[in-house]
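Take a look at the letters that make up each chain.
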Amino acid sequence: MDARAVPTWLHAQIEYLRNNAPLPLKVENLRAGTRGGHVMDRFTLLVPCCLSNVKWEVVFNGLDAKVAPDIIFGVDDESFQPLANSSEFSPGSFLRDWTVTEPNSLLKLILVTRGSYLDYQRHRVEAVNDPRVKFEINTMSGLQGLEMCITTASDRSEEVNFAVPLVLEVEAPHLPGSHLPSSTLWNDISLQVKFPLQRGQTSAGPPQLKLVAPPAMREVFDVDDVRLPVWPGNICLVEYIPSLQQTLQQQVREARASIALRRSFMEALFPFFGRPLEADATYCRRISLLASSGAFTFLVHLALPIQFPKVQPTLTFQSSQHFDTRGRPLVSRTYMDYPWSPRWDAPQMAQRIMDFVADECIAFKKQCNDLLHHQR
Amino acid sequence: MQGGREHGEHQGLQPEEQAPLVYDMRGMGYSPEDILLCVDADAEVNVEMKAGVGVKGLSRLDAVKQALVLFVHSKLLMHSQHRFAVATLRNNAVWYRQEFTNDMEIIGQAVRGLASGGTFPRCDLSELFQMAATEAHSSHAMDRTLRVLLIYCRSSVVPEVTLQMPEKQRLFTFDALYLHDKPTRDNCPQRVYDVLVDALERVSEFEGYIFESSSGSARVLFRHICVLLSHPQQRCAQEEFDAPKDLAKMVAPVPRTSSSGGLPQLRKEGEDDGSVPRTF
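Positions within a chain are numbered from 1, following the residues in the order the chain's sequence is written. Lettering of chains starts at A and numbering of ligands starts at 1, both following the order in which they are written. Local features in a predicted model are, by the rule used here, given only for residues with pLDDT of at least 70; side-chain atom pairs are given and counted only at 80 or more, and totals for whole chains, interfaces and linings are based on all residues. To get the side-chain values, take all heavy atoms of the structure and skip hydrogens and water.

**Quick notes on the interface of chain B and chain A**
Filter applied, for reference: Throughout, a contact is declared for two residues whenever any of their heavy atoms are within 4.5 Å. Note on terms: buried area is the combined drop in 1.4 Å-probe accessible area of two parts once they are placed together, counting the loss on both. A pair is scored as a salt bridge if a Lys or Arg side-chain nitrogen falls within 4 Å of a carboxyl oxygen belonging to Asp or Glu. Where helices and strands are cited, they refer to DSSP runs of H or I of at least four residues and of E of at least two residues respectively, numbered from the N terminus. Under the grouping applied here, Gly and all other residues not named as nonpolar or charged are polar, the nonpolar ones being Ala, Val, Leu, Ile, Met, Phe, Trp, Tyr, Cys and Pro and the charged ones Asp, Glu, Lys and Arg.
Residue-level contacts link 50 residues of chain B with 48 residues of chain A. Roughly 4,100 Å² of surface becomes buried between chain B and chain A when both sides are summed, with 63% attributable to carbon and sulfur atoms. On the chain B side of the contact with chain A, Tyr23(B), Met25(B) and Leu247(B) bury the most area, a combined 20% of that side's loss. For Glu278(A), the salt bridge is made with Lys75(B), and the minimal N-O distance between the two is 2.6 Å. Elements supplying a minimum of two residues to the side of chain B that touches chain A: helix H2 (60–78), helix H3 (104–112), helix H6 (218–227) and strand S7 (245–246) of chain B. Among the elements that line the side of chain B that touches chain A, the one with the most residues is H2(B), at eight residues. Classifying every residue of the side of chain B that touches chain A by side-chain character gives 26 nonpolar, 10 polar and 14 charged.

Set out below in C-alpha cells:
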C-alpha cells in the first residue's frame, strides 16, 4: 500500500482494521476515485460470511475526513437495507456519529454492518418455505457461532448454507514456537452445509458437506483428507455433528502427535550434522543442514510430510561450489526412496539419514563436476 | 598479529566446564526474514581473489556476487517468503534497491549490477544502521525479522559509527563478512575487524556472526556465506556453531538414551571448526 498517497487519517483506520480485526477481513484494491488521481480513498473489502467472502466496496472522500464512507454491497444483495434500522448499535447510528478521532471507527462500522448482513441473510433463510430447512433452523438455534445465508450458484439456482464452527477438545501444550495459540489453530475448523433449492424446495437426499479450515492449517492437517461420517437417513445437522466431532477429534490428535514426532526427529539430527541452518519451528515441516565431505561443502534440505513418520522425509542436496550457466547453485533430484522405517526411534532415523547423506553426497559431487565439465 | 580484542566471558571457561551443546526447538521463533545486503563499493573490491583450478582473474566483487546469488538462492529454497534488498557502502551506506523482494530474477539483476564507485577514505556505518532501524519497523509490523549482512573489503579504513544507536534498541541482526589483505605495516585489518565485532555486539538483536578472510579463496567465502544462512532467531553463539561436520571423518555418535546423561562424543581430526578468532 503506498502510504504516501493515502490520507493519514484513512491509513490509520485501515491499519487498525488490519491489525485488530477479530475475523479475517481483507482490504484489496486500494485506489483513487479517478483515473490518475492521487488521493487513494476507496477499496474493496472481503468480509467472511458463512465461510465464504462477500465483496463490499468502501468509498471515502479522501479530501474530507468528516464525511462518513459509503458501502456498496454486492449485486445479489439489493434487498439488504441496513439503514432501515436506526437503533442505537445499527450501522446507521455509526454513520451518523462518524468521526476519525479514534482509529477504530472503520472496524466498528464494518463489524456492525456485518452483523446486520448476517441478520438479513438469516431472515432470507427463515423465509424459505421448506419443512426441512425450517426443521434445521428450529433445532439449531442453540448452536454457538452458527451462520446461515442464501447463495446463488453459477446456474442461478439458490442454495441454503449453514456454517457451524466445530468445537474440539484441545489438550495442553501449544505448537512449538508458534505465535498462534493452539486454540486459534484447532478450533477454526468449521462445517459448511449446503441444501440446494429447486423451486424453493430442498431435495430428499443428504446435503453437501464440506470441512473448512484456515489455510495455515494445511501445514499440519489437511481437512480435505478427513473422511466425513455418512449422513444416515433422516437426521438433522444437530444430530450429525457429534459423530463428526468425534472423527475429527481423533484425526486432530494424530496430527498433533505427528508434529511432536517431527520435532523430535529434527532435534535428533543435531548430534550428527551439527546445528541446522534453519528449521520450520512453527509446523516442523522443513529443515536445512550444512554438511561437508572433505573439501566439498553442501546443503541438505529435508521436507517432512504431514503423515510422518509413516511417510518418510524428502531430501534434496544443494552444492555451495557448483553453479549453472545462470549462476544458480546446482541442486540434486528429490530423494524419497532411501532406507527408512517408521518404527525406528528418532536417533536411529537421524543416524540412517546421516549414513545415506555421507554416501550419496559423493555421487552428487560427481554429478555436479560432470555437469560443470559439460558446460565448459 | 598483536593487540587482539579478548572477551572475558570466554577466557574464564575451561573446555571441560562448558555446558553441552543443545538444540531444543521448543520456543524457537521462525519469522520470514527481510535481509539487507550491503556491499562495499570501494575500489578494494576489485582486488583479485586467489587463482584456483580453472578460476582466474576473479575479483573480490565477482566472488561476492556469486556468493550472494548462492546465499539468496539457498534462503529461498529454505523459505520462499524471505526477502532481500541491496545497498552499497561508500563513505556512507546508500540504497541500491530499497524495496524488499523475494523475486530471484530481480535480486540477481541487482546483485550483478553492483560495481565499485571509487576510493572512499572514510566509512561511517551510522546511516546503514538508521536505514536498517527504519526498515525494521515495517518488517516487524509484518511479523518479519530484519537482518543486515555487510560485506566489507577495505584493509586500511576503519569504519566508524558516529551516531550511536540507543543501547536498549536492538531492532535488527547484524552480520559481517570482511575480505582484506594480509596485515602489513601500512594497513590495519585487525582494527577494522575489532570495530566490526564491537558494532555487532552493540547493535545486533540476535547473535550476529562475523567472518574474515585474507586468503582470497572463493571456496572459503562460499562456505562462510553458507554459515551466514543460519536464521537469526535460531542461532547459538558463533563459537558454538559446529556445522558443517565432515561426514567423511565422522565416527557415529553413541545414540542418546535416557540413561546416559551426556551428549554423544564426536571425533574430529584437525577440523576447521569455523569459530570466531579474536586475533589473526
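Past the structure itself, the notes keep going.
**Examining the environment of Pro196(A)**
Along the polypeptide, Pro196(A) turns up in strand S7 (residues 190–198). Other than its neighbours up to four places away in sequence, Pro196(A) contacts Glu158(A), Glu159(A), Gln201(A), Thr202(A), Ser203(A) and Gln208(A).

**Points about the pairing of strand S1 (residues 33–40) of chain B**
Residues and elements named next belong to chain B. Our working rule: Throughout, exposure labels follow a simple rule: accessible area from a 1.4 Å probe, protein chains only, divided by the maximum for the residue type, with under 20% read as buried, over 50% as exposed, and the rest as partly exposed. Criterion used throughout: strands pair if DSSP finds at least two bridges between them.
Counting buried residues in S1 gives eight out of eight residues, a clear majority hidden from the surface. Residues of S1 alternate between two faces, with Glu33, Ile35, Leu37 and Val39 on one and Asp34, Leu36, Cys38 and Asp40 on the opposite face, all of them buried. Examined bridge by bridge, S1 and strand S4 (residues 145–152) share seven bridges and lie parallel to one another. Bridging across to S4, leucine 37 finds its partner in leucine 149. Note that S1 and strand S2 (residues 83–89) share seven bridges and pair parallel. Across the sheet, residue leucine 37 finds its bridge partner in S2, namely valine 86.

**Here we look at the packing of H2(B) against H3(B)**
Geometrically, a packed helix pair is captured by the angle between its two axes and the distance between the axes. Residues and elements named next belong to chain B. Short version of the rule: Here an angle of 0 to 180 degrees is reported between the N-to-C directions of two axes, which are lines fitted to C-alpha atoms, with helices fitted over the stretch in contact. Each angle receives one of four descriptions, namely roughly parallel if under 35 degrees, roughly antiparallel if over 145, roughly perpendicular if within 65 to 115, and oblique otherwise. Crossings are sorted by hand: turned counterclockwise from the far helix by less than a right angle, the near helix makes the crossing left-handed, and turned clockwise it makes it right-handed.
Relative orientation of the contacting elements H2 and H3 amounts to 165°, with a least axis distance of 10 Å. Judged by the inter-axis angle, H2 sits roughly antiparallel to H3. Relative to H3, H2 is oriented so that their crossing is right-handed. Touching Lys65, Leu68, Val69, Val72, His73 and Leu76 of H2 are Met104, Ile107, Val111 and Arg112, all from H3.

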